[in-house]
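Okay, here's what each chain looks like letter by letter:
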Amino acid sequence: MSVHFQQELPVRRRVDVVVVGAGPAGLGAAVSAARNGAKALVFDAGGCIGGMATAGLVGPFMTSYDAPARHMVIRGIFKELVNRMADIGGAVQPGLVRNEQPYSSYYRIGHNNVTPFDASAFKLIGMRMIEESGAELLLHTQFVDVIKDGDRITGVVIANKDGLSCVEANVVVDCSGDADVAARSGVRFVTGNEEDGNIQPASMFVRLANVDFDRVSAEMRRHREEIRPFYGPYSWLIKQYPEDWGDFPRAEIGVYADVEKGFCRLNCSRILNVDGTKAADLTRATRIGQEQCYHVFNFLKKHADGFQNAVLVETGDTIGIRETRHIEGEYRLTGAEVFACKVHDNAIACMATNMDTHNKDNPGGTLHVPTAGPYFTVPYPCLVAKGVDNLLVAGRAISADAMAGSAIRMMPSCMAFGQAAGTAAAMAAAAGICPRDVDVAALRRTLTAQGAFVGD
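Since the model is a prediction, treat every value here as computed from it, not as a measurement.

A word on the environment of arginine 75
No. 1: Among the secondary structure elements, arginine 75 is positioned in the loop between β2 (40-43) and α2 (76-87).
No. 2: With residues up to four places along the chain from it excluded, the contact list for arginine 75 reads Gln419, Gly451, Ala452 and Phe453.

A few points about the sheet that holds strand β9 (residues 254-257)
No. 1: Ordered by their spatial adjacency, four strands build an open sheet running β9-β10-β8-β11, and the pairing between neighbours is antiparallel. Each of the sheet's edge strands pairs with one partner strand only, and the pair in question is β9 and β11 (311-315). Between one strand and the next, the sheet's axes are offset by a mean angle of 30 degrees, whatever the strand orientation.
No. 2: Bridge count between strand β8 (residues 205-209) and strand β10 (residues 264-267): four bridges; the pairing is antiparallel. Counterpart to leucine 208 in the pairing with β10 is cysteine 264.

Re the nonpolar core
No. 1: Core analysis: the largest hydrophobic core is formed by 80 residues, its most contacted members being Phe122, Ile348, Val378, Tyr380 and Phe417.
No. 2: Counting residues per element, this core draws most heavily on helix α11 (residues 411-431), at twelve residues.
No. 3: Look past the residues within four positions of isoleucine 348 in its chain and what remains in contact with it is Val378, Pro379, Tyr380, Leu383, Phe417, Ala420, Leu443, Leu447 and Val454.
No. 4: If you look at the next biggest cluster of nonpolar residues, it comprises 44 residues, including Val97, Val206, Val255 and Cys268.

Considering α11
No. 1: Given a rise of 1.5 Å per residue, 21 residues ought to cover 30 Å, and the 30 Å separating the end C-alpha atoms of α11 matches this to within 8%.
No. 2: Looking one or two residues beyond α11, the residue adopting positive phi is glycine 432, at roughly 70 degrees.

Thoughts on the confidence of the model for the chain
No. 1: Taken over all residues, the pLDDT of the chain has a mean of 96, while the share at 70 or more is 100%.
No. 2: The spread of mean pLDDT over the elements of the chain runs between strand β15 (residues 365-368), the lowest at 84, and strand β17 (residues 391-393), the highest at 99.

Things to note about the pairing of strand β5 (residues 152-160)
No. 1: Judged from the seven bridges that link them, strand β4 (residues 142-149) and β5 form a sheet pairing that is antiparallel. Along β5, the bridge assignment pairs valine 146 with valine 156.
No. 2: Hairpin remark: β4 followed by β5, antiparallel, with two residues in the connecting loop; positive phi at glycine 150, about 65 degrees.
No. 3: Bridge count for β5 against strand β6 (residues 163-174) is six bridges, and the pairing is antiparallel. Residue pairing for β6: asparagine 160 is matched across the bridge by glycine 163.
No. 4: Where β5 hands over to β6, the hairpin turn is made up of two residues, counted between the paired strands.

A look at helix α12 (residues 440-449)
No. 1: Residues Val440, Ala442, Leu443, Arg444 and Leu447 constitute the buried set of α12.
No. 2: The inward-facing, buried residues of α12 contact β13 (347-351) and α11.
No. 3: By the N-cap criterion, in which a side-chain oxygen at the helix start approaches the backbone nitrogen of a residue two or three places on, α12 is capped by aspartate 439, the distance to alanine 441 being 3.0 Å.
No. 4: Positive backbone phi, at 100 degrees, marks glycine 451, one or two positions downstream of α12.

Re the packing of aromatic side chains
No. 1: A complete count under the given rule lists nine aromatic pairs for this structure.
No. 2: Ring centres of tyrosine 234 and tryptophan 236 lie 5.8 Å apart, and the angle between their planes is 50 degrees; this geometry places the pair in the tilted category.
No. 3: With a relative accessible area of 0%, tyrosine 234 lands in the buried category.
No. 4: A centroid spacing of 4.9 Å and a plane angle of 70 degrees characterise the contact between tryptophan 245 and phenylalanine 299, whose relative ring orientation is edge-to-face. Of this pair, tryptophan 245 sits in helix α7 (residues 242-245) while phenylalanine 299 sits in helix α8 (residues 279-303), and the two are 54 residues apart along the sequence. Both residues of the pair, tryptophan 245 and phenylalanine 299, belong to the buried class.

Re the pattern of salt bridges
No. 1: Within this structure, the stated rule accounts for 27 salt bridges.
No. 2: Here arginine 396 ties to aspartate 178 by a salt bridge, and the two come within 2.7 Å at their closest N and O atoms. Separated by 218 residues along the polypeptide, arginine 396 in the loop between β17 and α10 (402-408) and aspartate 178 in the loop between β6 and α4 (180-184) bring together distant segments of the chain.
No. 3: We classify arginine 396 as buried; its relative accessible area is 14%.
No. 4: The exposure class assigned to aspartate 178 is buried, which follows from its relative accessible area of 12%.

Remarks on the side chain of serine 413
No. 1: The residue serine 413 is located in helix α11 in this model.
No. 2: On the accessibility criterion, serine 413 (0% relative accessible area) is buried.
No. 3: Apart from the residues lying within four places of it in its own chain, the contact partners of serine 413 are Ile74, Met351, Thr353, Ala407 and Ile408.

A word on the environment of proline 435
No. 1: Mapping proline 435 onto the fold places it in the loop between α11 and α12.
No. 2: When the C-alpha atoms of proline 435 and leucine 237 are compared, they prove to be 52 Å apart, with 198 residues separating the residues in sequence.

Considerations on the pairing of strand β1 (residues 11-20)
No. 1: Two strands pair when backbone bridges link them, and β1 and β6 are joined in this way by eight bridges, in the parallel orientation. The residue of β6 that forms the bridge with valine 17 is valine 171.
No. 2: The pairing of β1 with β2 spans four bridges and is parallel. Bridging across to β2, valine 17 finds its partner in alanine 40.

Examining the packing of helix α1 (residues 24-35) against helix α3 (residues 119-133)
Between two packed helices, both the angle of their axes relative to each other and the distance between the axes serve to describe the pair.
No. 1: Between α1 and α3, whose axes approach to 8 Å, the crossing angle comes to 25 degrees. In terms of orientation, α1 lies roughly parallel with respect to α3. The way α1 lies across α3 gives a crossing that is left-handed. For the pair α1 and α3, the contacting residues are Leu27, Ala30, Val31, Ala34 and Arg35 in the first and Phe122, Gly126, Met129, Ile130 and Ser133 in the second.
No. 2: Along the lines of polarity and charge, the residues of the contact of α1 with α3 split into seven nonpolar, two polar and one charged.

Quick notes on the packing of α2 against α3
No. 1: At a minimum axis separation of 10 Å, α2 and α3 run at an interaxial angle of 125 degrees. If you check the angle between α2 and α3, you find them oblique. Along this stretch, α2 crosses α3, giving a crossing that reads as right-handed. Listed contacts from α3 to Ile77, Glu80, Leu81, Arg84 and Met85 of α2 are Ala121, Phe122, Ile125, Gly126, Arg128, Met129 and Glu132.
No. 2: A breakdown of the residues in the contact of α2 with α3 according to their chemical character gives seven nonpolar, one polar and four charged.

The rules behind the values
Residues numbered from 1 in each chain as written. Predicted model: local features only at pLDDT ≥ 70, side-chain atom pairs only at ≥ 80, totals over all residues. Heavy atoms only, no water. Helix = DSSP H or I, 4+ residues; strand = E, 2+ residues; numbered from the N terminus. Contact = heavy atoms within 4.5 Å. Pairing = 2+ DSSP bridges. Axes fitted to C-alpha atoms, helices over the stretch in contact; angles between N-to-C directions. Core = buried A, V, L, I, M, F, W, Y, C linked by side-chain atoms within 4.5 Å. Buried < 20%, exposed > 50% of the residue type's maximum accessible area, 1.4 Å probe, protein only. Expected span 1.5 Å × (residues − 1). pLDDT = per-residue confidence, 0-100. Polar contact = N/O pair within 3.5 Å; in protein donor to acceptor, adjacent residues only side chain to side chain. Phe/Tyr/Trp six-rings, centres within 6.5 Å; stacked < 30°, edge-to-face > 60°. Salt bridge = Lys/Arg side-chain N within 4 Å of Asp/Glu carboxyl O. Parallel < 35°, antiparallel > 145°, perpendicular 65-115°, else oblique. Left-handed = near helix turned anticlockwise from the far one by under 90°. Nonpolar A, V, L, I, M, F, W, Y, C, P; charged D, E, K, R; others polar.

This is how it looks when you write it as structure tokens:
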């Protein structure tokens with residue numbers, strides 16, 4: 001059964017660049033587009049900017065440093081955000097954070113130089129950066145569809161309290177996280193891992209207060225040799241009290257100390273078989289996530305030293321989705337390239353983030369730390385959607401296979417992609433060309449001049 005719906009839409013704005021989504025990637029894209037001279041508009045369905053970093057309570061930021069943990073390689077807008085949050089007490093500089101600390105959940109592998117931050121500080125500083133750049137921000141505004149003329153998007157349909165309307169733009173930057181704009185535009189994509197059908201499980205974060213980290217740290221020191229990725233913090237309690245843990249499909253409890261003393265975030269829930277592009281799955285995952293968060297909280301209060309007086313403060317307003325669509329771009333990054341730390345001549349971002357693949361078929365997963373070089377790079381064509389002339393994609397949905405996607409999905413990486421996409425979009429709009437035709441050497445020079453690192 002179907003109904004026919006037709007409506008003439010008012011054009012709300014005519015801009016050079018429209019950015020869909022105001023999460024980490026969208027922040028980078030909007031700020032960089034406006035700073036590079038474009039008339040830019042960014043909108044988001046939520047009531048705040050930041051996406052997973054704020055509404056999702058996901059934190060800390062994973063590493064922005066190279067593999068030897070010597071140099072910060074994700075810089076630019078990300079570094080500016082961190083510096084400005086730290087200035088108001090809302091973040092800890094990643095250079096001060098090492099593994100086996102409360103800030104890094106005591107992990108011995110893969111957790112150097114994470115960045116603890118406060119979600120409210122992100123909201124405040126991020127909105128200031130957008131406003132100062134000259135970009136326009138619309139919250140509570142949902143992406144609906146695209147209007148196309150041949151292979152070009154001429155308008156983006158939005159819905160909010162004002163009703164349905166259209167934003168016309170020369171270049172569109174899809175920072176929706178799930179490549180919603182690309183999918184509506186006819187760009188080809190794969191969902192999850194096309195080789196084995198796995199889509200990484202979803203998680204809901206939860207924030208606690210009144211945690212005694214002196215006692216928690218003492219417990220972690222006693223079990224230091226047992227802490228490894230996916231079977232780390234409190235895996236010993238899970239084994240010791242299986243009747244209280246139940247059939248919960250996770251083998252550890254990530255406990256990340258927050259900026260505020262006595263507060264922490266738990267990365268603890270695991271919801272299987274969730275397609276984050278489907279509303280029914282997201283609703284089910286949210287319901288299960290809430291139950292799981294309270295289950296883990298009660299388990300810790302009962303069995304974990306240091307949590308006796310803990311208080312559950314809040315759960316994420318939105319479920320954390322690790323993986324959905326991977327678009328087909330002009331170039332596809334592979335897991336083999338990440339593992340080999342390949343450096344591309346046309347790179348627009350460098351990183352040494354781990355290949356972190358949670359698995360739906362067991363309570364653990366796999367983690368590969370880059371060791372073949374100090375970092376790997378992501379080439380610009382990974383952001384250029386194939387088949388649509390004026391569309392760039394930034395965030396975890398860029399053109400990459402599932403293994404590479406497990407390394408580039410982290411929030412600092414997404415912000416770096418956003419900065420590159422926003423800069424390229426401004427260049428394309430100013431020159432009246434397609435994003436695929438942007439001079440990548442000039443793009444790299446501009447990114448470098450504006451604080452980003454694109455490789456030696």
